[in-house]
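Now for the letters of each chain:
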Amino acid sequence: MHSWPHPHLPVLTETGLRPQLQDTATGRRFDPVVAGAAHLYVCGITPYDSTHLGHAFTYVAFDTLNRVWRDAGLEVRYVQNVTDVDDPLLERAEQTGVDWRELAADQVQLFRTDMQALRVLPPEHYIGVVESTDLVVSAVERLVAAGAAYRVDQDVYADLGADSRFGSVSNLDPETMSRFFAERGGDPEREGKKDPLDPLLWRGRRAGEPWWDGASLGPGRPGWHIECGALAEHYLGLPVTVEGGGADLIFPHHEMGTSHLRFLHPGDEEPIRGYLHTGLVAYQGTKMSKSLGNLVFVSGLLADGVDVRAIRMVLLAHHYSESWEYTDAELDEAGRRLGRWRAAVDATAATGGAHAQETSPPAAAAQTTPGSAVVQEMREALANNLDTAACLEVVDRAAARGPLAAEVITAIDALLGIELT
Ligand code: ZN
């Protein structure tokens, strides 16, 4: 499916820094990029409650990674999926009496509109499951052939017992795995499975449910984890540089997906080089959740007349790995911060721009740190495991000193996605 229009992305004069990233699986800081190619897979939405601030936090965080990698001169390839057929989507469609395809299409369109408004760089491939069932079927057939999958009636499950490295992504104890599996879409009670944790790869056709031709698997629909594995393998190739998503995807989704990929990418090398996970966003004292009805939508804030740059600044003020609680006060604070930055841009215009300052600096600007030093500081903050909060503070200090140099204004756009002019 198509993604959304590409915002203008200015290129800074000198090449930026390659970021050190903290890998969820190993806890180590490292640069996962090999040979200048950065391949990013970010798990997309299940389109039935987009786009709340929890989603926006995740996609803006990976947008920062995308921007920082590009600034460092890397060739970025970015793939994101849409889980446009899955149990929660079908349940919501049933409850509301809307055709599931219509619900998905409407929600995906809303997501695109929100991402465009937020100036998130679009993925190179934006792929729905519905249009990729052949890839999933082929991946599951290969898992069966590798002895890593088995049938239970008309369904196919992964055999986790075949993967000696299972557990290395989340590093959770068995009790926590069982709890998360049950809470996050798993079916531990299903009879006939070898292990309660074994995840579904292919769900055989059921009356009243959508289904696709599954070749040797029989008619049915894809399981969730294999979907991302199959898309990552096909569109990016293995190993993937970074796989990412919200922290609630660490287990079971990314643990299971990696386990599947090990059989599609045999050998000692792990199929994913590094994992980045974003914190969860709470509101009114608890995690944003559709069942609790405490969702704050990007589209709702925009309809209320909130400046989209202030929304982006609220999100960037938190380190991507942090779980935090959204408050209206924080949005107000971001609005004031945006006001200070814009005032510093207006001051730049009033002095005739940064180029004029270089030749004949006015008295007020004489104390100003050179723009290149500010840009360097911004890059250093972001290279430090994408410390966006520190990067915003660098700009705060520069704006407090006086007019912002033109190259700083450009860097704010290129690195933070905030257009001030
Ligand atoms: Zn995924």
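Cut-offs applied
Residues numbered from 1 in each chain as written. Predicted model: local features only at pLDDT ≥ 70, side-chain atom pairs only at ≥ 80, totals over all residues. Heavy atoms only, no water. Helix = DSSP H or I, 4+ residues; strand = E, 2+ residues; numbered from the N terminus. Rg over C-alpha atoms; globule rule 2.2 N^0.38 Å. Buried < 20%, exposed > 50% of the residue type's maximum accessible area, 1.4 Å probe, protein only. Contact = heavy atoms within 4.5 Å. Areas by Shrake-Rupley, 256 points an atom, 1.4 Å probe, with all protein chains shown as cover. Lys, Arg positive; Asp, Glu negative; His and termini not counted. Charge placed at Lys NZ, Arg CZ, Asp CG, Glu CD. Donors = N, O, S within 2.8 Å, 3.2 Å for Na, K, Ca; no water. Arc of directions from axis to C-beta. Pairing = 2+ DSSP bridges. Core = buried A, V, L, I, M, F, W, Y, C linked by side-chain atoms within 4.5 Å. Domains from an automatic or database assignment.

Caption draft 1: Broad picture of the overall build of the protein. For the protein, the count of helices and strands is 14 helices and 14 strands. For 421 residues, the compact-globule estimate of 2.2 N^0.38 gives 22 Å, and the C-alpha radius of gyration of the protein, at 23 Å, lies within 12% of that figure. The buried share of the protein, reckoned over its 421 residues, is 56%. Once local pairs closer than 6 in sequence are excluded, the contacts in the protein between residues at least 24 apart make up 77%. Of the roughly 17100 Å² of accessible surface on the protein, 50% is carried by carbon and sulfur atoms. Of the side-chain charges in the protein, 35 are positive and 60 negative, and the distance between the mean point of each set is 1 Å.

Caption draft 2: Seen up close, the coordination of the zinc ion. Donor atoms from the polypeptide that bind the zinc ion are Cys43 (SG), Cys228 (SG) and His253 (NE2), placed at 2.0 to 2.1 Å. Positions of the donor residues of the zinc ion along the chain correspond to the pattern C-x184-C-x24-H. With cysteine 228 in helix 6 (residues 224–235) and histidine 253 in helix 7 (residues 250–264), the pair connects residues that are 25 residues apart, well separated along the chain.

Caption draft 3: Quick look at helix 2 (residues 87–96). Along helix 2, the residues classified as buried are Leu89, Leu90 and Ala93. One side of helix 2 carries all its buried residues, which in axial view fall inside an arc of 95 degrees. For helix 2, the exposed residues lying more than 90 degrees away from the buried face are Glu94 and Gln95.

Caption draft 4: Representation of the pairing of strand 7 (residues 155–158). Burial along strand 7 is two-sided: the face carrying Asp155 and Tyr157 and the face carrying Val156 and Ala158 are both buried. With 4 bridges joining them, strand 6 (residues 149–152) and strand 7 adopt antiparallel strand pairing. Within strand 7, the residue paired with tyrosine 150 across the bridge is tyrosine 157. With antiparallel pairing between neighbouring strands as the criterion, strand 6 and strand 7 make up a hairpin whose turn holds 2 residues, including aspartate 153 at a positive phi of roughly 55 degrees. Here 2 bridges tie strand 7 to strand 8 (residues 200–204), and the two strands are oriented antiparallel to one another. When the sheet's bridge partners are listed, tyrosine 157 is paired in strand 8 with leucine 200.

Caption draft 5: Main features of the nonpolar core. In this structure, Leu53, Trp69, Tyr326, Trp341, Met378, Leu404 and Ile412 are the most contacted members of the largest nonpolar core, which totals 76 residues. Among the elements that take part in this core, helix 1 (residues 53–71) stands out by supplying 10 residues, more than any other. When residues of this core are sorted by domain, at least three fall in each of domain 1 (21–303) and domain 2 (327–416). Setting aside anything within four residues of it in sequence, one finds tyrosine 326 in contact with Leu53, Val281, Ala282, Tyr283, Met288, Val296, Leu301, Val314 and Leu331. Judged by nonpolar contacts, the second largest core, of 32 residues, contains Val79, Val137, Val156 and Ala230.

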